[in-house]
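The residues making up each chain are set out below.
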Amino acid sequence: MNIRKRTVCRLCDSPAVELVCPLKPTPIAEKYRRTREDAQQIPSVSLDMYRCTSCGHVQLLDLVDSSFLFDADYTYRSGQTKGIIEHFQKYAGDAWDRLGLKAGDLVAEVGSNDGTLLSEFKARGARVIGVDPASTIAQEAIARGVETITGFFTPEVAEQIKAKHGKAKLVVANNVFAHADDLQSIAYGISQLLAEDGVFMFEVSYVKDVLDHCLLGTIFHEHFSYHAVKPMQTFLRRYGMELFHVERNTIQGGSIIMSARAATSPHATDASLTEILAMEESTGLNSRSALEGFAEKLRKLEEQTIEFVRRVKKEGKTVAGFGAARSGTTLIAQLEIGDVIDCIFDDHPDKAGKYSAGFGIPVYKTSEIATRKPDYIIILAWVFAKKIIASNPAYTEGGGHWVTCVPELQITPA
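Let me sum up the structure you'll find in this document. (Residues numbered from 1 in each chain as written. Predicted model: local features only at pLDDT ≥ 70, side-chain atom pairs only at ≥ 80, totals over all residues. Heavy atoms only, no water.)

## Examining the packing of aromatic side chains
Item 1. Taken as a whole and judged by the stated rule, the model has 9 aromatic pairs.
Item 2. With 5.4 Å between their ring centres and 55° between their planes, F177 and F200 make a pair best called tilted. Of this pair, F177 sits in helix α7 (residues 176-179) while F200 sits in strand β12 (residues 194-205), and the two are 23 residues apart along the sequence.
Item 3. You can call F200 buried: its relative accessible area is 0%.
Item 4. Taken together, the aromatic side chains of F177, F200, F202, F235 and Y239 make up a single cluster linked through ring pairs.
Item 5. Just above the ring of Y364 sits the side chain of R372; from NZ or CZ to the centre is 3.9 Å. (Phe/Tyr/Trp six-rings, centres within 6.5 Å; stacked < 30°, edge-to-face > 60°. Helix = DSSP H or I, 4+ residues; strand = E, 2+ residues; numbered from the N terminus. Buried < 20%, exposed > 50% of the residue type's maximum accessible area, 1.4 Å probe, protein only. Lys NZ or Arg CZ within 6 Å of the ring centre and 35° of its normal.)

So this is what it looks like as structure tokens:
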């Protein structure tokens, strides 16, 4: 595994990057192991957040090699989350109607995972092609009928797709622009793959939601970038693409879908873009002070958690976690609760029966809640907190308490 540090901005190559939010080193998530000893060998790496003073882009500079992050053991699958499936159904339907797509058009996806999104376009009659580096998951997409190239998207892969399928009417990339280090190579490849009237449509975690709602759990090593619209507008122009539509969404705590047209595309810029750019300017979203405010929120959250842990230990209560999520690894590390949580409950087939990265916390199926009866369960899969509580009434009725940490520490029932 290779860990390196960038020295220039990922978008504009400026060396004027400044540390704005220092965070504690955190184990690399999604690396569950069959023994505690092996799990504890997964290293912790910096999650410090930097801001480019030239373009305003927020990013991580300490990078874990992508071939390690997205290897054969990678566990995230789009099709395993009902909320994501429903989101992709709407995403594909809206894109189909808004962009005037028709049967036979080519839709390509960068970072296509298990093919869930492309399946929606295929069902509408589009030709589809995906690219994803996680070999095991790419094979699952192929098995469901979604042609997939196993590997990272590059300009060479774009040429390969063009040679076989022609140019794409739509290129989609969901969270890929957060997960990739070499955005310049990807953007160039996309610009070469787009048809003259083509559109590049991508979704990323929106940095305003991260800052406003203290979404600590969205910060992990797969997420190299935390995007705003203004820096992205400037970046895409370098590759002949122009933003013309944006749409905010509540999925995963807050995301934004941006649409960029090829230089020759007829799609007109609409009010959504001008309005959000004005908002970013008026709120100082791309300023240093915005990130410093986020760091202060994290300090207060840590203080709340320390107070809770002290009380729990004094009372001799037991604590577990719920959700072996990528976000949970960050929460455990930043709030320093790795030695407090006895176990984590999760039914994921690639995680149950294993141990969490770095901390070596055992993961049990959720049926074990009734047997182990912890006094408190900290919800690590913070996005699904309400659903998790509603789906486990027996635990609550039996006197158990749920703890949510984002955006502030709350105990249910109080």
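Still more to cover.
## A word on the sheet that holds strand β8 (residues 106-110)
Item 1. Spatially, β10-β9-β8-β11-β12-β15-β14 is the arrangement adopted by the 7 strands of the open sheet, whose pairing is mixed. Whereas interior strands pair on both sides, the edge strands pair on one side only; in this sheet they are β10 (148-150) and β14 (241-249). Between one strand axis and the next, the sheet turns by 15° as a mean value, whatever way the strands run.
Item 2. Of the pairings in the sheet, the one linking β12 to strand β15 (residues 255-262) comprises 7 bridges and is antiparallel in character. Looking across to β15, one finds that S205 is bridged to S255.
Item 3. Sheet contacts for helix α5 (residues 135-143): β9 (127-132) and β10; angle to β10, the most-contacted strand, approximately 160°.
Item 4. Sitting on the sheet, helix α11 (residues 271-283) is in contact with β14 and β15, with an inclination near 75° to β14. (Pairing = 2+ DSSP bridges. Axes fitted to C-alpha atoms, helices over the stretch in contact; angles between N-to-C directions. Contact = heavy atoms within 4.5 Å.)

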